[in-house]
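# Chain and residue survey
As a plain string of letters, each chain reads:
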Amino acid sequence: MKIKLGLGQLDMESVARYCAGELYDYTGDKGCKVSYVCTDSREADADTLFVATRGERVDGHDYIVGALDRGCRCVLCEYVPTNIAGREVAFVTVENSIEAFALIARGYRENKRLRTVALTGSVGKTTTKELTASILQRETNLYATSGNFNSVIGMPMSLMEAPADRDTAVFEMGMSGFGEIRSMTRAAAPDIAMVVNIGSSHLEYLKTRENIARAKLEIAEGLREGGHLLLNGDEPLLRKSFKGKKFTVTYVGIENKSACDVYAENVKVSESGTEFDLVFKGKTYEKLKIKLIGKQFVYNAAFAAASALLLGCSEETVREGLYSYTPDGIRQNIYEKNGVTVIADCYNAAPESMRGAIDTLRSLSVDGKRIAVLGDMRELGADSDKMHREMGEYVARQGVDVLLTIGESGALIAEGAILGGMPAKNVFAEKSVDNIDSLCSELDGRMKSGDALLFKASRGVELERAIKKLFDN
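Here is what the cut-offs are and how they apply
- Within any chain, residue numbers begin from 1 and follow the written order of that chain's sequence.
- Totals for whole chains, interfaces and linings use all residues, but because this is a predicted model, local features are given only for residues with pLDDT of at least 70 and pairs of side-chain atoms are given and counted only at 80 or more.
- Each side-chain value is worked out from all heavy atoms of the structure, with water and hydrogens disregarded.
- The way it works is a 1 Å grid over only the protein atoms, where trapped points that fit a 1.4 Å probe form a cavity and open points with protein on both sides within 12 Å along at least five of seven lines form a pocket, and then any residue with an atom within 4 Å of a point lines it.
- Grid points are joined across faces, edges and corners, and a volume is the space filled by probe spheres set on the points.
- Gly counts as polar in this scheme, as do all residues outside two lists: the nonpolar Ala, Val, Leu, Ile, Met, Phe, Trp, Tyr, Cys and Pro, and the charged Asp, Glu, Lys and Arg.
- Cysteine sulfur atoms that come within 2.5 Å of each other are treated as a disulfide pair.
- Buried means the residue's accessible area, taken with a 1.4 Å probe over protein chains only, is under 20% of the maximum for its type, while exposed means over 50%, and partly exposed covers the values in between.
- In this description a helix means any DSSP run of H or I spanning at least four residues, a strand means any run of E spanning at least two, and both kinds are numbered starting from the N terminus.
- When two rings of Phe, Tyr or Trp (its six-membered ring) have centres within 6.5 Å they constitute a pair, described as stacked for plane angles under 30 degrees, edge-to-face for angles over 60, and tilted for the intermediate range.
- Whether a charge sits over a ring depends on NZ of Lys or CZ of Arg being within 6 Å of the ring centre and within 35 degrees of the ring normal.

Of the volumes computed, that of the second largest pocket is approximately 240 Å³. Its residues assigned to classes, the lining of the second largest pocket comprises 5 nonpolar, no polar and 6 charged.

Turning our eyes to something else, we now look at the state of the cysteines. A complete count under the given rule lists 0 disulfides for this structure. This cysteine, C72, is not joined by any disulfide, and C74 carries the nearest cysteine sulfur, 6.4 Å off. Judged by its relative accessible area of 3%, C72 falls in the buried class.

Looking at the secondary structure, you find D385 in helix α12 (residues 384-397). With relative accessibility at 41%, the residue D385 sits in the partly exposed group. For the pair D385 and T405, spaced 20 residues apart in the sequence, the C-alpha separation amounts to 14 Å.

The tally for this structure, following the rule as stated, stands at 2 aromatic pairs. One cation-aromatic arrangement involves K2 over Y36; the distance from NZ or CZ to the ring centre is 5.0 Å. Seen from the ring of Y323, K291 lies directly overhead, with NZ or CZ sitting 5.0 Å from the centre.

Enumeration over the complete set of coordinates arrives at 1 cavity of 30 Å³ or more. Within this model, the largest cavity holds a volume of roughly 60 Å³. The wall of the largest cavity is formed by R106, R109, E110, R113, L114, T116, L159, A187, A188, A189 and R224. Of all the secondary-structure elements, those providing two or more residues to the lining of the largest cavity are α3 (97-110) and α6 (180-188). No other element matches the 3 residues that α3 contributes to the lining of the largest cavity. For the lining of the largest cavity, the per-class residue count stands at 5 nonpolar, 1 polar and 5 charged.

Given below as structure tokens:
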């Protein structure tokens, strides 16, 4: 990953100052400067700061010499290699490169800071980010990444890449364990922070939903004084005490209206999208519309609208921004192909989002069958098998006509559906995620014009391969 610095060059003395690191300058050129930052030694050159990080599989420190061989003169690292004699290079050493890089990003932006919206959640982060950006770009000079740069390295890099003429930014923050969101929010120093939901993703690493909530709430630690923390008011795990904090807490919800500061009501789902009223600070914004189909997306839209209103956007801007957003690619993208309605929703999957996708399939008016093509939901931890079987039971209860699954965990969805009363003849399971041909062959023999097909699985399954094979050939 390599980015160009949006505010101009960065010198190594500033790098050391921002992160309280030790500067070792062997260049003979005090104040060595760079215009780029990278984490891949193959992209390093004389105008680039190489950030050496430690990962589960790769240690960037093993590639420092390779970066120097490519002309790199500036390195952030945790220790200086022994085999650099005679090299003209400047090192800044720190205890933890990733945490230090977050501080460098914050320091770099501090003199020309952005109004920043930061958000996290177990599902729907990117949709919330894009809905928020769709609104804010109408009234601000917005910076928002087009990709999914929501990691402890990607998010600070995005912050440093923002051009000088931008005044507002939206960042999403993902995580797999404690401390990651804390690092990112220290970099972003948000004016508004949001926790959209607490789901089951990452149970493999964090073990309990309570721990997931704790990790997500780290986002509040970077909030600027006078900022706003928006939390899902329908999630009991987010009902915490924030006494003594110098920010405002706002609860956003649908179900628990009496305990929410902002809430959606009169939700209506149709084949063209979803409509709802939003109550914000006692005022009702009627008949807001999104092109996404399903009640689950009202949460994303409500958070986006609330953050924009807190930043001073007009009702017209909120209304237009929400309605103009169209999901792309493999997120909920509904279209017709060869007489079949396709719901492409292959970007990711957790129990909460998969149930929502099944509800969307169920809500469509179709002449033919409702067919669900589902795959593994990953990172669910010790209860993964149970959750997959329960998903199958949910498929059966929702009256889906045909179920096809892929992956070993996906096969447990099929098993649960049969246990839930779905006829075995209407269920097919392919255990190997590599055998997409088998899945497509079975599906091709079952689907007909007038049917509706849902494709949903975790990102690693790459279920969009089936869509491409069936409809793009």
